[in-house]
Amino acid sequence: MKEQYDEALSDFQSALRVNPKNVKAGNNLGSVYLRIEKYDLAIASFSKVLKRIPDYALALSNRGIAYRNKGELDKALEDFNAALISDPKSDYDYLQRAEVHKRMKNYKKAISDYSASLELRPKVSNTYYNRGISYYFLGQHQDAYKDFSKAHELDPSNKDAANNKKAILKIIEKSKK
């Protein structure tokens, strides 16, 4: 696998030597760096692309992921916000921004973004699962139960959803006593 990444890095670097303005090669180079967890190099590649095309949603989203993975959540949030301005119908960017909000413990905002993502792509088990986690942290156990149930319904192999569904049901039943 490492050889494939090395080859891809070499190819994209060569393409950029031939044409330094090639934003597709720049974005792809950043994506390879992101994949091999060289986040600073990924950020630098995406930033070069964004100097040429400031509202390039894919580069904004990718750089946001690199920032998020580095733990620079405020910068990640800025990039996902900008990506959504460029492409407001991107369920992926709502999902990515929701993940940042969840890490920042902004659960209400996370729920809002998970919900926006689900409006655009309603059959994604993990989105329901993660929204359920956010509901749980807000103490909204009924909503968490519904989301864990939907996540498990959409993906019966999702053991975390099944386990959380059972656990949250116990919490709900206990609170009724």
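Keep in mind that this is a model prediction, so the values were computed, not measured.

Peer 1: Sorry, what's going on with the packing of helix α2 (residues 23–35) against helix α4 (residues 57–70) here?
Peer 2: Any two packed helices are characterised by the angle at which their axes cross and by the distance between the axes. For the pair α2 and α4, interaxial distance at closest approach is 10 Å and the crossing angle is 20 degrees. Compared by their axis directions, α2 and α4 come out roughly parallel. The chirality of how α2 crosses α4 is left-handed. When α2 is examined against α4, the residues N27, S31 and L34 are found in contact with a partner set consisting of L58, A59, N62, I65, A66 and N69. Tallied by class, the residues present in the contact of α2 with α4 amount to five nonpolar, four polar and no charged.

Peer 1: Even after reading the chapter, I still don't get the packing of aromatic side chains, so can you show me in this structure?
Peer 2: Remark: the centre distance and the inter-plane angle together describe each pair of aromatic rings, the angle taken between the planes. All told, the structure shown has three aromatic pairs when counted by the stated rule. Plain terms: the ring middles of Y107 and F137 are 5.1 Å apart, the flat faces sit at 15 degrees to each other, and that makes the pair stacked. Highlighted residues: Y107 in helix α7 (residues 107–120) and F137 in helix α8 (residues 125–137), separated in sequence by 30 residues. Residue Y107 is classed as buried on the basis of its relative accessible area of 13%. For F137, a relative accessible area of 49% puts it in the partly exposed group. Ring centres of Y129 and F148 lie 5.6 Å apart, and the angle between their planes is 45 degrees; on these two criteria the pair is classed as tilted. Taken together, the residues Y129 in helix α8 and F148 in helix α9 (residues 141–154) connect sequence positions 19 residues apart. By the burial criterion, Y129 is buried, and F148 matches it. Put simply, the rings of Y107, Y136 and F137 touch in pairs and so form one group of aromatic residues.

Peer 1: What am I meant to see in unusual backbone geometry here?
Peer 2: Generally, phi is negative for residues other than glycine and the peptide bonds are trans, each holding for most cases. Of note, E37 is a non-glycine position whose phi angle comes to about 65 degrees, a positive value. Phi is positive for K105, which is not a glycine, with a value near 65 degrees. Structurally, K105 is set in the loop between α6 (91–103) and α7.

Peer 1: Sorry if this is basic, but what is going on with α6 here?
Peer 2: Three- or four-residue spacings in an α-helix give side chains the same orientation, since the helix completes a turn every 3.6 residues. With 13 residues, α6 extends 19 Å from end C-alpha to end C-alpha; this agrees with the ideal 18 Å at 1.5 Å per step. Here α6 lies mainly inside the structure; eleven of its 13 residues are buried. Those residues of α6 lying buried are D91, D93, Y94, L95, Q96, R97, A98, E99, V100, H101 and K102. Count one or two residues on from α6 and you reach K105, which has phi positive near 65 degrees.

Peer 1: Just to check I follow, could you spell out the pattern of salt bridges for this structure?
Peer 2: Working definition: two side chains of opposite charge can pair if their charged atoms are close together. On inspection of all chains with the given rule, the structure shows nine salt bridges. Notably, a salt bridge pairs E72 with K70, separated by 2.9 Å at the nearest N-O pair. Judged by relative accessible area, E72 falls into the partly exposed class, the value being 24%. Residue R131 pairs with D147 through a salt bridge whose shortest N-O separation is 2.6 Å. One end of the pair, R131, is in helix α8; the other, D147, is in helix α9, and 16 residues separate them in sequence. Classification of D147 by relative accessible area gives buried; the value is 4%. What you see here is one network of salt bridges that share partners, running through D40, K70, E72 and K75.

Conventions we followed
Residues numbered from 1 in each chain as written. Predicted model: local features only at pLDDT ≥ 70, side-chain atom pairs only at ≥ 80, totals over all residues. Heavy atoms only, no water. Axes fitted to C-alpha atoms, helices over the stretch in contact; angles between N-to-C directions. Helix = DSSP H or I, 4+ residues; strand = E, 2+ residues; numbered from the N terminus. Parallel < 35°, antiparallel > 145°, perpendicular 65-115°, else oblique. Left-handed = near helix turned anticlockwise from the far one by under 90°. Contact = heavy atoms within 4.5 Å. Nonpolar A, V, L, I, M, F, W, Y, C, P; charged D, E, K, R; others polar. Phe/Tyr/Trp six-rings, centres within 6.5 Å; stacked < 30°, edge-to-face > 60°. Buried < 20%, exposed > 50% of the residue type's maximum accessible area, 1.4 Å probe, protein only. Expected span 1.5 Å × (residues − 1). Salt bridge = Lys/Arg side-chain N within 4 Å of Asp/Glu carboxyl O.

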